[in-house]
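Each chain, written out:
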Amino acid sequence: MKVKPDTGWRDLPCGGVIVEPGSAAEYPTGDWRTYRPTRDENKCTNCLLCWICCPDSSIMVEDGRIIGIDYKHCKGCGICAQVCPPKIKAIMMVEEERSSSSKGPM
Amino acid sequence: MGKVVALEGNQAAALAMRQINPDVVAAYPITPQTEVVQEFSQFVADGLVDTELIAVESEHSAMSACIGASASGARVMTATSANGMALMWEVLYIAASARLPIVMALVNRALPGNINIHCDHSDSMGARDSGWLQLFSENSQEVYDNLIQAVRIAEHLDVRLPVMVCYDGFIISHAVECLEVLEDDIVRNFIGELEPVNPLLDTDRFITYGPLDLYDFYFEHKRQQMEVYPTAKQVIVGIGKEFGSLAGREYGLYEGYLLDDAELAIVTLGSSAGTAKEAVDHLRSDGLPVGMLKLRCFRPFPNTEIAQVLSRPKAIAVLDRSVSFGGFGGPLFTEIRSAMFENETSPHLLNYIYGLGGRDIDVEDIEGVYKDLQRVVDTGNVERIINYVGLRG
Ligand code: SF4
Ligand code: SF4
């Protein structure tokens, strides 16, 4: 069964199990973010270190090149900015505007 | 009719486990439970069961292994006591939340300090909010019968909860008593095959157990779990009846002993119920209107049933073999008192703490409690609500 934001307690799978694989994609961990990683395409060498290290698979890659950041899931941990080689520093963490934060999945 | 054998309580538990023939047993020895694991290991070594016995390095691991095995779709059992259960603490809650039908023999022992290996109910009472169902046993026969029924209760598709079968350390676990045991195939037919729900070993489906569950759904999961306990009561009664027609010994949520016309009643758990029956018989022959309520099922707590069955007595003493430090009386007392609030009339309700750390309670002690109750009814005066039996000084 598919659990939706408005699924009531009677309809949840028994025992708190998740019965559909890959459902973490439905969970907008981007709601947690207070700092937004912003990448400077001109500086980036596509070494893909940030892609390897991102805990939320939020660095989007196509044909070996970064095509963007998935802000629905990026929780703003800043790991990508940390691992980006010091001489390049292509990713900056920029504070989110408070008003732009969306509601949680409730 | 089965055959009558003389066994210690722990041997009766191990025998029930042999007949149940669980897929997995993970346990760690601790007094007074040790013998259960020891006897059962012998059954494994002798090839009398098909069980995978996991010798773990601690009770935390024992319960964790039980959880993994149960989630994978196996029928799982374990046994422990006191500190062993305390070491299982966090995983007990996980077993219940994940709705895993694990059955545990809990040989009741004081949860120290100071170091004590003897009986009281502090271990099971501490786990009363963990989500496990708790059945208490009066003697070896009930240990055996409860363990067999516990498998059915735990695995019932409307329940799916772990069950602990509690019995008094040493008093039951190490005393030899006669009990009637069923034939192996009768037990196996009664418990049937486990019907796994969401087994991890089903490789065609992808199930996640125990995921992160925050403020968005955790509350709903707890609410859903709350809903199962009233159902569990009905299932326990139904299976108790079915077992009765099979074995000639029927079980319910409680057992009343000469309670129908009793004006003075005692409520108790475990082996002291046997002692209380003796006291009731003595006092009845003297013409005193006494009766006893033995609670078999402490979780789920049969609140409405208790309120009803205790609506007649004018004075009631609740016997607690554990304390709730800083609380108002023992855990059984507070629950009974709360259940009785629904009744229109309220009897005098007293609490008697007894038997901590294995202190004996005998027939005279319990007769003394009934005489206290008689005095309360005669004078209308309760001197102390919380009392102690068999305490020095
Ligand atoms: S901030 Fe963290 S989550 Fe977001 S893209 Fe960078 S590494 Fe991934
Ligand atoms: S670590 Fe820096 S340079 Fe390497 S791919 Fe990521 S943003 Fe580009």
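Residues numbered from 1 in each chain as written. Chains lettered and ligands numbered in written order. Predicted model: local features only at pLDDT ≥ 70, side-chain atom pairs only at ≥ 80, totals over all residues. Heavy atoms only, no water.

### A few points about the site of ligand 2
Surveying the vicinity of ligand 2 reveals 13 residues, the closest of which are C44, C47, L48, C50 and C84 of chain A. A breakdown of the residues in the shell around ligand 2 according to their chemical character gives 10 nonpolar, two polar and one charged. (Near = heavy atom within 4 Å. Nonpolar A, V, L, I, M, F, W, Y, C, P; charged D, E, K, R; others polar.)

### A few points about the sheet that holds strand β2 (residues 24–27) of chain B
Residue and element names in this part refer to chain B. Read across the open sheet, the seven strands follow the order β3-β2-β4-β5-β7-β6-β12; overall the sheet is mixed. What marks the edges here is a single partner per strand, and that holds for β3 (52–55) and β12 (297–299). Strand-to-strand twist of the sheet, defined as the mean angle between neighbouring strand axes without regard to direction, takes the value 20°. The pairing of strand β6 (residues 133–136) with strand β7 (residues 163–168) spans four bridges and is classified as parallel. What sits directly across from L135, in β7, is V165. The strands touched by helix α3 (residues 59–72) are β2, β3, β4 (76–80) and β5 (103–108); relative to β4, the strand with the most contacts, the crossing angle is about 165°. (Pairing = 2+ DSSP bridges. Helix = DSSP H or I, 4+ residues; strand = E, 2+ residues; numbered from the N terminus. Axes fitted to C-alpha atoms, helices over the stretch in contact; angles between N-to-C directions. Contact = heavy atoms within 4.5 Å.)

### A closer look at the site of ligand 1
Contacts to ligand 1 come from P37, C54, P55, D56, I59, C74, K75, G76, C77, G78, I79 and C80 of chain A. When grouped by side-chain class, the residues that make up the shell around ligand 1 number eight nonpolar, two polar and two charged.

### With respect to the confidence of the model for chain A
Predicted confidence across chain A gives a mean pLDDT of 90, with 92% of residues reaching 70 or more. Segment residues 101–106 of chain A is flagged for pLDDT under 50; beyond a separation of four residues in sequence, or across chains, it makes nine contacts in the model. (pLDDT = per-residue confidence, 0-100.)

### Structural notes on the nonpolar core
Residue and element names in this part refer to chain B. Formed by 54 residues in total, the largest nonpolar core has its most connected members in L133, Y144, L147, I148 and Y167. Leave out the neighbours within four places in its chain, and Y167 touches G9, N10, A13, V36, A105, L106, V107, N108, S137, V143, I172 and S173. Counting residues in hydrophobic clusters, the runner-up holds 49 residues, among them L100, F136, V318 and F333. (Core = buried A, V, L, I, M, F, W, Y, C linked by side-chain atoms within 4.5 Å. Buried < 20%, exposed > 50% of the residue type's maximum accessible area, 1.4 Å probe, protein only.)

### A short note on the interface of chain A and chain B
Opposite the 20 residues of chain A that make contact, chain B presents 19 residues. For the chain A and chain B pair, buried surface summed over both sides reaches about 1700 Å², with 65% attributable to carbon and sulfur atoms. Among the residues chain A hides against chain B, the three largest losses belong to W9, L12 and I18 of chain A. Together they make up 33% of the total. At the boundary of chain A with chain B, the tally comes to zero salt bridges. Looking at the side of chain A that touches chain B residue by residue, the class counts come to 14 nonpolar, three polar and three charged. (Buried area = accessible area lost by both parts, 1.4 Å probe. Salt bridge = Lys/Arg side-chain N within 4 Å of Asp/Glu carboxyl O.)

### Concerning the sheet that holds strand β10 (residues 264–268) of chain B
Residue and element names in this part refer to chain B. The mixed open sheet is built from six strands, whose spatial order is β9-β11-β10-β13-β14-β15. Each having just a single partner strand, β9 (254–257) and β15 (386–388) make up the two edges of the open sheet. Looking at each pair of strands side by side, their axes are set apart by 20° on average, direction ignored. As defined by bridge partners, strand β14 (residues 348–353) adjoins β15 across three bridges and the pair is classed as parallel. Residue I353 lies in a different strand from β15, and its bridge partner there is Y388. Contacts from helix α11 (residues 272–285) reach β9, β10 and β11 (290–295) within the one sheet, and its direction differs from that of β11 by about 165°. Each of β10, β11, β13 (315–320) and β14 touches helix α14 (residues 363–379); the most contacted strand, β10, lies at about 135° to it.

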